[in-house]
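Here is what each chain is made of, one letter per residue.
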Amino acid sequence: MSEIQKFLFDGLPVRGAIVRVDTPWQEVLQRRGKNSETGPYPECISRILGQMTAAGLLMQSNIHFEGALVLQIQGDGPVRLAVAEIKSDLRLRATAQLAPSQKDNIATDASIESLFNVHGQGRCAITLDADEKRPGYQPYQGIVSLMDENGQTLPSLAAILQQYMQQSEQLDTVLVLAANDQVAAGLMIQRIPVKGEGNLAGAQHNTEEQDQLGHNEDFNRIATLASSLTEKELLELDTNTILRRLFWEETVSGVDTQGLMPHFGCQCDRERVTNMLRGLGQAEVTDMLEEEKPIEVGCEFCGAQYHFDAIDVAQIFAPHAAPASERIQ
Ligand SMILES: [Zn+2]
């Protein structure tokens, strides 16, 4: 069963969320497995992509924002790009692109460094892309390297995101993430900023003030408890059992998640693919048409195939055709 729970520690400036995703995560992997061009992911790629999906769900559930949260790792090694996208209603999709002919060379236990950061150029980005876009709208984006302050590649996605939260958002965060081919799961504990709204782009907190209030001690205690959770427990136990085992000495109260449940869903459609082809320009698309008839564009997230024959292409570039974005949807 998929589940997500948000919770607060009574009287303490600490919040948390825990997520466990099974069927929607299995669907991500199955759709990839059915793609005859790519085939299934190597095990270590599906593991990290599942962790990204769980982390994206935890972060999306914690912010007040209508739109997509996109967690990306851009790599300079065998993995070029890994993306997990979570909409406000917890609709999820995820994909990874491997460098050509790398698939069979990836070890089962490959490290973050050997997958994404061979030359130290790997980057992790979090984008908040609002559904409602006013003219001139720019999505919010934070980008960090995959290395610690000593120039060493961080050992895990959790470590990368903890550093991201600290550097970009000034949010003290503990993450435990795990995934296999059945389940993607995660636990997040976060210190609530003392001032301002507790959102991803939230306000800074005042450490001195919190020290005086004894809040650091409380956060540190809960952070230590959270860190003791193993990947095995996270994958095998339901969320209630985990919370009870970890925090039985704390007073934890649930936060209403308004019935939101992680589910698979892709936002691709023919209109977007048409816009993409229009963006490439008539010359290039006509060349593509000569190479293969019709043009086939596959969605990397869900595997949907879109076909464009010569007549479709002519219509895309017809002088009277309005840009698709201006049409009534
Ligand atoms: Zn799709």
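Quantities reported herein were computed from a predicted structural model and do not represent experimental measurements.

### Focus: the sheet that holds strand S4 (residues 79-87)
The strands making up a sheet associate through backbone hydrogen bonding, with each pair oriented either parallel or antiparallel.
Consideration 1: In spatial order, the strands read S7-S6-S3-S4-S5-S11; together these six strands make up an open sheet with mixed pairing. Taken across any chain shown, the strands that pair with only one partner, and hence form the sheet edges, are strand S7 (140-145) and strand S11 (263-264).
Consideration 2: Two elements, strand S5 (residues 91-98) and S11, share two bridges in a ladder whose sense is parallel. Each residue of the ladder has a partner; that of Arg91, found in S11, is His263.

### Observations regarding the pairing of strand S3 (residues 67-74)
Consideration 1: When you tally the buried positions in S3, you get six out of eight residues, the bulk of the element.
Consideration 2: Of the strand pairs in this sheet, S3 and strand S6 (residues 123-130) are connected by eight bridges, and their pairing is antiparallel. When the bridges of S6 are listed, Ile73 appears paired with Cys124.
Consideration 3: As paired elements, S3 and S4 share seven bridges and run antiparallel to each other. Of the residues in S4, the one forming a bridge with Ile73 is Ala82.

### Overview of the coordination of the zinc ion
Consideration 1: Cys266 (SG), Cys268 (SG), Cys299 (SG) and Cys302 (SG) make up the full set of protein donors to the zinc ion, lying at 2.2 to 2.3 Å.
Consideration 2: Coordination at the zinc ion is tetrahedral, judged from the four donor atoms that bind it and the angles of 104 to 114° they form at the metal.
Consideration 3: Each donor residue of the zinc ion belongs to the same chain, and together they define the spacing C-x1-C-x30-C-x2-C.
Consideration 4: By relative accessible area, which is 22% here, Cys266 ends up partly exposed.

### Remarks on a negative patch on the surface
Consideration 1: On the surface, Glu284, Asp287, Glu290 and Glu291 cluster together into a negatively charged patch.
Consideration 2: Along the polypeptide, Glu284 turns up in helix H10 (residues 282-291).

Procedures and definitions
Residues numbered from 1 in each chain as written. Predicted model: local features only at pLDDT ≥ 70, side-chain atom pairs only at ≥ 80, totals over all residues. Heavy atoms only, no water. Pairing = 2+ DSSP bridges. Helix = DSSP H or I, 4+ residues; strand = E, 2+ residues; numbered from the N terminus. Buried < 20%, exposed > 50% of the residue type's maximum accessible area, 1.4 Å probe, protein only. Donors = N, O, S within 2.8 Å, 3.2 Å for Na, K, Ca; no water. Tetrahedral: all angles 85-135°; square planar, octahedral: opposite > 155°, others 65-115°. Patch = residues over 30% accessible without salt bridge, like charges linked within 9 Å, V, L, I, M, F, W, Y side chains within 5 Å. Areas by Shrake-Rupley, 256 points an atom, 1.4 Å probe, with all protein chains shown as cover. Salt bridge = Lys/Arg side-chain N within 4 Å of Asp/Glu carboxyl O. Lys, Arg positive; Asp, Glu negative; His and termini not counted. Charge placed at Lys NZ, Arg CZ, Asp CG, Glu CD.

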